[in-house]
Amino acid sequence: MEIIDGKKLSQSIKDEIKESVAQLKAEGKNIPHLAAILIGSDPASESYVRSKVRSCDYVGFESTLIRKDDSITEAELLDIVRELNENDDVDGFIVQLPLPKHIDEVKVTLAIDPKKDVDGFHPVNFGRMAQGLPCYLPATPYGILQMLDRYNIETSGKHVVVVGRSNIVGTPMSILLSRKAKVGNATVTLTHSRTKDLTAELLRADIVIAAIGIPEFISGDQIKEGAVIIDVGINRVEDESRKAGYRLVGDVEWDSVSPKASYITPVPGGVGPMTVTSLLMNTLKASAKEIYG
Ligand code: GUN
């Protein structure tokens, strides 16, 4: 079993980006600028946004964090989105999800200019992705593609089982891996809460993408010997023995699944760090006007 080290891989990609930024600076070109909107004080969201801002600092990007209270109205948030759409200094921006219940996430996502949608959540980017056109890929699936590519894991002709059909992970992942592409050409089964016999599906999988958000949902007896396991789950479970009072676990049960796997991503230190790297890569593309000119 080999561990796919997302922390190490994301560090080496960040170092590559840092070099590109140094080159841009040396040539007197624009430095990429990412803005993030964070509403409220959800601890997980705060931690993700902190990590995004820290990563921008590391690679030499400019970053702007716009923090607003939970009490912000939808109209006020839409105004901020419009300002960022029109601000030529900002190459790309994200609205950290989830949003408070009184704000319609779809409406906010639709308000983002697809040219600045470095999260790849806007239906224009999603549609372009589905048709294999240049676009911003959503961060988590993009990070997983990078992992599979850089670890030389063959996907062509393989049977991939994706668990979970979210708009930001499961569904785009299933589309990307079935596309005719270097990391792609797989036969993909997208499973979800109504799947009749998940275990039977999983036992056929050469590659499992677990993105259901339920702690340790998949166990070793559901996994074929030698399967590749990509665990997207970042679940907090109570743990009094930890200083923080919780620990992070994935969607697969590490102790029973890892002995059967040929490759597996740990939690933490697997897919998580790669999502930030993807966001930086998209922002670099936005700054270079690589996708939309
Ligand atoms: N919430 C969980 N994942 C993400 C992400 O990739 N982007 C944003 N904006 N919010 C998230």
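Everything here concerns the structure above.
Since this is a predicted model, take the numbers as computed values, not measurements.

A. Fine view of unusual backbone geometry. Along the chain, Leu97 connects to Pro98 via a cis peptide bond; the corresponding omega equals 0°. Topologically, Pro98 is positioned in the loop between β4 (92–95) and α4 (105–111). Residue Pro268 follows Val267 across a cis peptide bond; omega there is -5°. Its identity as a non-glycine residue notwithstanding, Glu216 has a phi of 50°, on the positive side. One non-glycine residue with positive phi stands out, namely Lys289, at about 55°. Within the secondary structure, Lys289 sits in the segment after α10 (271–287).

B. Examining the sheet that holds strand β2 (residues 33–39) more closely. Reading across from one edge, β3-β2-β4 is the order of the 3 strands in this open sheet, with parallel pairing throughout. One side of each edge strand has no neighbouring strand; the edge strands of this open sheet are β3 (62–68) and β4. Each adjacent strand pair in this sheet contributes to an overall mean axis angle of 15°, direction not counted. Pairing of β2 with β3, which is carried by 7 bridges, proceeds in the parallel orientation. Its bridge partner being in β3, Ala35 is matched across the sheet by Thr64. Most of the contacts of helix α3 (residues 74–86) go to β2, to which it runs at about 180°, and overall it touches β2, β3 and β4.

C. Layout of helix α6 (residues 139–150). The terminal C-alpha atoms of α6, which comprises 12 residues, lie 16 Å apart, in line with the 16 Å expected from a rise of 1.5 Å per residue. Burial runs high along α6: 10 of the 12 residues are buried. Every buried residue of α6 is listed here: Ala139, Thr140, Pro141, Tyr142, Gly143, Ile144, Leu145, Gln146, Met147 and Leu148. The inward-facing, buried residues of α6 abut α1 (6–26), α7 (170–178), β7 (207–210), β8 (228–231) and α10. Positioned one or two residues after α6, Asn152 has a phi angle of 50°, which is positive.

D. Representation of the packing of α1 against helix α2 (residues 43–59) in the model. Where α1 meets α2, the axes come as close as 8 Å, and the angle between the chain directions of the two elements is 50°. On the basis of their axis angle, the class for α1 and α2 is oblique. In this structure, α1 uses Gln11, Lys14, Asp15, Ile17, Lys18 and Val21 to contact α2, whose residues at the interface are Ser55, Tyr58 and Val59. In terms of residue class, the contact of α1 with α2 is built from 4 nonpolar, 2 polar and 3 charged.

The rules we used
- Residues numbered from 1 in each chain as written.
- Predicted model: local features only at pLDDT ≥ 70, side-chain atom pairs only at ≥ 80, totals over all residues.
- Heavy atoms only, no water.
- Helix = DSSP H or I, 4+ residues; strand = E, 2+ residues; numbered from the N terminus.
- Pairing = 2+ DSSP bridges.
- Axes fitted to C-alpha atoms, helices over the stretch in contact; angles between N-to-C directions.
- Contact = heavy atoms within 4.5 Å.
- Expected span 1.5 Å × (residues − 1).
- Buried < 20%, exposed > 50% of the residue type's maximum accessible area, 1.4 Å probe, protein only.
- Parallel < 35°, antiparallel > 145°, perpendicular 65-115°, else oblique.
- Nonpolar A, V, L, I, M, F, W, Y, C, P; charged D, E, K, R; others polar.

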